[in-house]
Amino acid sequence: MRFKKVYLEITNVCNRSCAFCPGTKRAPGFLSETDFVRLLDKLCPWTDYVYFHLMGEPLLHPDLERFLALAGERGFRVILTTNGTLLDRAAPILLAAPALHKVNLSLHSFEANAGTELEDYVNLCADFGLRAAARGMLVNFRLWNSDSSARAGWNAENTRILALLSRRFPRPWTPSRTGERLADRVFLDRAEIFDWPDPEAEQESAAHSCYGLRDQLGVLVDGTVVPCCLDHNGDLALGNLLVEDLEEILEKPRAKAILAGFRRGEAVEELCKRCGYANRFR
């Protein structure tokens, strides 16, 4: 069994507080190089693609350049998800990293960027997108706030963001599966706001299938293995990859029950039953 991707959280610390993000109740932390190498070596047989993200802003990590190099030495292709606000200092590191395959830029995070001019922010992200694409990387601008029926104001700047992107990536844009292709290797991904999984939520999700433990899993900054990238508090802790092997963790009754449930279209954990993101799989 191999996974399409593994989320390896190099930090759960973020420099923004976005309304759509629940944050985490876990203690703040940064993955050490020693633990990072240990986790990478254990993940080598299981996937080719590693996301330096689950919670937190990966561009905050002081050893980001070293981590990218270490991942590349082991043959991993790395994907980053970032709010983009630190690209002015991090872009040289990212652009020089052969292992970096794709960068997701969450433009919907702008609502938390107090004190930042929208045009400056979009231009910063667009400049990086153009340079990264020219070096063969994939760039994905995200606007995951496209619905206007709820949480008014969260997408108030979308019209301006799209207009600013149009200046750097002239239209017409080519329709894609989840948005538009703006240029070669540059995409805009649109989606509605979703409700993060919450075991105390009153309403259950309409869908009980998931890619967790089938296509993906997550490793938190302390080594805890979780079924998917949305388990922001580590509620579904399956084991710890720093002290156990992944095969051992996946053979535990809890992991096997979760996977078997998803395969038959059933959520067996309360957190999964109350995951708004799963509604996308209906």
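Positions within a chain are numbered from 1, following the residues in the order the chain's sequence is written. Reporting of local features is limited, given that this is a predicted model, to residues whose pLDDT is at least 70; pairs of side-chain atoms are given and counted only at 80 or more, and all residues count toward the totals for whole chains, interfaces and linings. Think of the side-chain values as coming from all heavy atoms in the structure, minus any hydrogens and water.

Take a side-chain nitrogen of Lys or Arg and a carboxyl oxygen of Asp or Glu: if they are within 4 Å of each other, that pair is a salt bridge. Applying the stated criterion to the full structure yields 19 salt bridges. The salt bridge partner of Arg26 is Glu9, with a shortest N-O separation of 2.8 Å. A residue pair is termed long-range when its members are at least 10 positions apart, and Arg26 in the loop between strand E1 (5–8) and helix H1 (33–43) and Glu9 in the loop between E1 and H1 qualify at 17 residues. Two residues, Lys252 and Glu244, come together in a salt bridge whose shortest N-O distance is 2.7 Å. Working definition: with a 1.4 Å probe on protein chains only, accessible area under 20% of the residue-type maximum means buried, over 50% means exposed, and in between means partly exposed. The exposure class of Lys252 is partly exposed, given its relative accessible area of 28%. In this structure, a network of salt bridges that share partners links the residues Asp41, Glu73 and Arg74. Only DSSP runs of H or I covering at least 4 residues are called helices, and only runs of E covering at least 2 are called strands; the numbering of each starts at the N terminus.

Here the focus is the environment of Tyr7. Looking at the secondary structure, you find Tyr7 in strand E1. Sequence-wise, Tyr7 and Tyr49 are 42 residues apart; in three dimensions their C-alpha atoms are separated by 8.7 Å. If sequence neighbours within four positions are ignored, Tyr7 has contacts with Tyr51, His53, Leu54, Gln216, Leu217, Gly218, Val219 and Cys229. Any pair of residues with heavy atoms lying within 4.5 Å of one another is described as a contacting pair.

Mapped onto the secondary structure, Asn83 falls in the loop between strand E3 (77–82) and helix H3 (87–95). Under the rule applied, a polar contact is a pair of N or O atoms within 3.5 Å (in protein, one hydrogen donor and one hydrogen acceptor; residues adjacent in sequence only if both atoms are side-chain atoms). In terms of polar contacts, Asn83 uses its side chain to reach the side chain of Asn15, at 3.0 Å. Sequence-distant contacts of Asn83, defined by excluding residues within four places in its chain, comprise Cys14, Asn15, Arg16, Glu57, Ser106, Ser109 and Tyr121.

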